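Spelled out, the chains give:
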Amino acid sequence: MPVHIVVGGFFGDEGKGRIAAYLALSRRPWGSARTGATNAGHTVVHRGRVWKLRASPSSFLNPETRLYIARGALVDLEVFLSEVEALGLRGRIWLDYKTGIITSEHVTRERSDQHLMKRIGSTGTGVGTAMVDRVLRRLRLARDYPELEDLVTDTQLEMLEALDQGELLLVEASQGYWLSLYHGTYPYVTSRDTTAAAALSELGLGPRSVERITVVFKAYVTRVGAGPLPGELPHEKAVELGWAEYGTVTGRPRRVAPFNLELAERAIRANTATDMALTKIDRVFPEARCRRSWEELPREARVWIEEVEDKLGIPVTLIGTGEDVECTIDLSREKGME
Ligand code: IMP
Ligand code: MG
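Residues numbered from 1 in each chain as written. Chains lettered and ligands numbered in written order. Predicted model: local features only at pLDDT ≥ 70, side-chain atom pairs only at ≥ 80, totals over all residues. Heavy atoms only, no water.

## Description of the coordination of the magnesium ion (ligand 2)
For step 1, the next point in the chain: Taken together, Asp-13 (OD) and Gly-41 (O) make up the full set of protein donors to the magnesium ion (ligand 2), lying 2.0 to 2.3 Å away. Residue Asp-13 is located in the loop between β1 (3–8) and α1 (16–27), and its partner Gly-41 is located in the loop between β2 (31–34) and β3 (42–46); the two are separated by 28 residues in the primary sequence. (Donors = N, O, S within 2.8 Å, 3.2 Å for Na, K, Ca; no water. Helix = DSSP H or I, 4+ residues; strand = E, 2+ residues; numbered from the N terminus.)

Shown next as structure tokens:
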């Protein structure tokens, strides 16, 4: 039952992309599937190169891993095709024939919706309007586009068959628990559920196929768009702490708050997470920068991580100490997760 899900525990932008990319290189999965839509952006940095992805799984970094887009996902046609060409993914990436397609008309309609753009702070990428069309059963799917012919397959069947053979499938969920349409800070949420269970549903796989659920938290909390953010810091304070960030998709400054145990705890329980990844530890403990073993971490960082682990009750298996995928401490084996 070797499905390994990587899921976000805050408001998105926890660093799921870099964690998934690391796991693709270290666990060498047979395949990797991305759920969600092209409102989400994942940044991957490897050996000095930077990729900003909106459709493809971050696991593209491992050339041996097959790449899939979930059938319950939604992709912007132009964004997807330009990413496939830019990354040279033709022949190793597939949309499901039932994946929903976002067109420029959806983007235009969303951007003219003042409720979404002004009140909610939507990314304006047409995801919500395409989702509406899907619910109304008039959205066109990948199978309806001749230009996608070579890029479409029955991803569910391929994954089911591979799982029967005992292959490892890495699942990259998008956004974070608190942006879930059902469980998040409604109405300040995205247009889908963002849990591990929802990722499985989008893929058409069952809960019993899962062996590991890694929830990703950043060492501090960020949020783009409107809605509650407990402990929010003024922008100048975020700059001073080195926690200022800007959105991958929209370029908007992200709102910032310190790490939040209550938010993390609920995300862990709702996702039945087996373990967690903590990213950007170097932004809180600068001496941790690009350390690659537990022993090399400064003492304060180790104390903080052990405290988080203690309070949240699941092991910290992966620690991000810099943007580069290689700046990762992997404790999976030691903590009995592999
Ligand atoms: P929408 O899903 O684009 O309509 O955006 C709704 C809310 O979710 C806004 O607050 C967005 O900033 C937020 N959001 C959507 N996708 C992401 C993401 O990938 N990362 C962070 N926030 C997101
Ligand atoms: Mg992001």
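Having seen the model, we can carry on.
## Considerations on the side chain of Ser-180
For step 1, the next point in the chain: Relative to the helices and strands, Ser-180 is located in the loop between β10 (169–176) and α7 (196–203).
For step 2, the next point in the chain: The buried category is assigned to Ser-180, whose relative accessible area is 0%.
For step 3, the next point in the chain: Reaching out from Ser-180, the side chain makes a polar contact with the side chain of Asp-193 at a distance of 2.8 Å.
For step 4, the next point in the chain: Excluding residues within four positions of it along the chain, Ser-180 makes contact with Val-189, Arg-192, Asp-193 and Thr-194. (Buried < 20%, exposed > 50% of the residue type's maximum accessible area, 1.4 Å probe, protein only. Polar contact = N/O pair within 3.5 Å; in protein donor to acceptor, adjacent residues only side chain to side chain. Contact = heavy atoms within 4.5 Å.)

## Observations concerning the site of ligand 1
For step 1, the next point in the chain: The full set close to ligand 1 counts 16 residues, and Ala-40, Ser-122, Thr-123, Gln-175 and Thr-190 are the nearest of them.
For step 2, the next point in the chain: The contact in question runs from a nitrogen atom of ligand 1 to an N or O atom on the side chain of Gln-175, over 3.0 Å.
For step 3, the next point in the chain: Here an oxygen atom of ligand 1 sits 3.0 Å away from a polar atom, N or O, in the side chain of Arg-252.
For step 4, the next point in the chain: If ligand 1 stood free it would expose 470 Å²; the protein chains cover 96% of that surface. (Near = heavy atom within 4 Å. Areas by Shrake-Rupley, 256 points an atom, 1.4 Å probe, with all protein chains shown as cover.)

## Focus on the environment of Arg-254
For step 1, the next point in the chain: Along the chain, the position of Arg-254 falls in the loop between α8 (235–241) and β13 (255–258).
For step 2, the next point in the chain: Residues in contact with Arg-254, not counting those within four places in the same chain, are Asp-13, Lys-218, Thr-222, Arg-223, Val-224, Glu-245, Tyr-246, Gly-247 and Thr-248.
For step 3, the next point in the chain: A polar contact of 3.3 Å, which involves the side chain of Arg-254, links it to the side chain of Asp-13.

## Regarding the UniProt feature "binding site: Mg(2+)" (unreviewed entry) in the protein
For step 1, the next point in the chain: Summarizing the sequence annotation, UniProt attributes the feature "binding site: Mg(2+)" (unreviewed entry) to Asp-13 and Gly-41 in the numbering used throughout. A maximum C-alpha distance of 8.0 Å places the annotated residues, which cover 29 residues in sequence, within one compact spot.
For step 2, the next point in the chain: The class of Asp-13 is partly exposed, set by a relative accessible area of 23%.
For step 3, the next point in the chain: Non-local contacts of Asp-13, meaning those with residues more than four positions away in its chain, are made with Gly-41, Lys-218, Thr-222, Val-224 and Arg-254. (UniProt positions renumbered as here; feature names shortened; annotations may be inferred.)

## Details of the UniProt feature "active site" (unreviewed entry) in the protein
For step 1, the next point in the chain: Following the UniProt record, one finds the feature "active site" (unreviewed entry) at Asp-13 and His-42. In terms of the greatest pairwise C-alpha distance, the residues named above, spread along 30 residues, form a tight cluster of at most 7.6 Å across.
For step 2, the next point in the chain: Of note, His-42 is situated in strand β3.
For step 3, the next point in the chain: Beyond its immediate sequence surroundings of up to four residues, His-42 is in contact with Lys-16, Gly-17, Arg-34, Trp-51, Lys-52, Leu-53, Ser-58, Glu-172, Ala-173, Ser-174 and Thr-248.
For step 4, the next point in the chain: Here Arg-34 takes part through its side chain, which lies 3.4 Å from a polar atom of the side chain of His-42.

## Topic: the sheet that holds β10
For step 1, the next point in the chain: Read across the sheet, 10 strands follow the order β9-β7-β5-β2-β10-β1-β11-β14-β15-β16 without closing on themselves; strand pairing throughout is mixed. Each having just a single partner strand, β9 (152–153) and β16 (328–330) make up the two edges of the open sheet.
For step 2, the next point in the chain: The strands touched by helix α6 (residues 155–164) are β1, β2, β5 (66–69), β7 (93–96), β9 and β10; relative to β5, the strand with the most contacts, the crossing angle is about 135°.
For step 3, the next point in the chain: Across the face of the sheet, helix α10 (residues 299–312) comes into contact with β14 (275–279) and β15 (316–320) while running at roughly 145° to β14. (Pairing = 2+ DSSP bridges. Axes fitted to C-alpha atoms, helices over the stretch in contact; angles between N-to-C directions.)

## Remarks on the pairing of β15
For step 1, the next point in the chain: Of all five residues in β15, five are buried; the element is thus mostly enclosed.
For step 2, the next point in the chain: In this sheet, β15 lies alongside β14 in parallel orientation, the contact comprising three bridges. Each residue of the ladder has a partner; that of Ala-277, found in β15, is Leu-318.
For step 3, the next point in the chain: Tracing the backbone out of β14, into α10 and back to the parallel element β15 gives a crossover that is right-handed.
For step 4, the next point in the chain: Two elements, β15 and β16, share three bridges in a ladder whose sense is antiparallel. (Right-handed = clockwise from strand over helix to strand, strands pointing away.)

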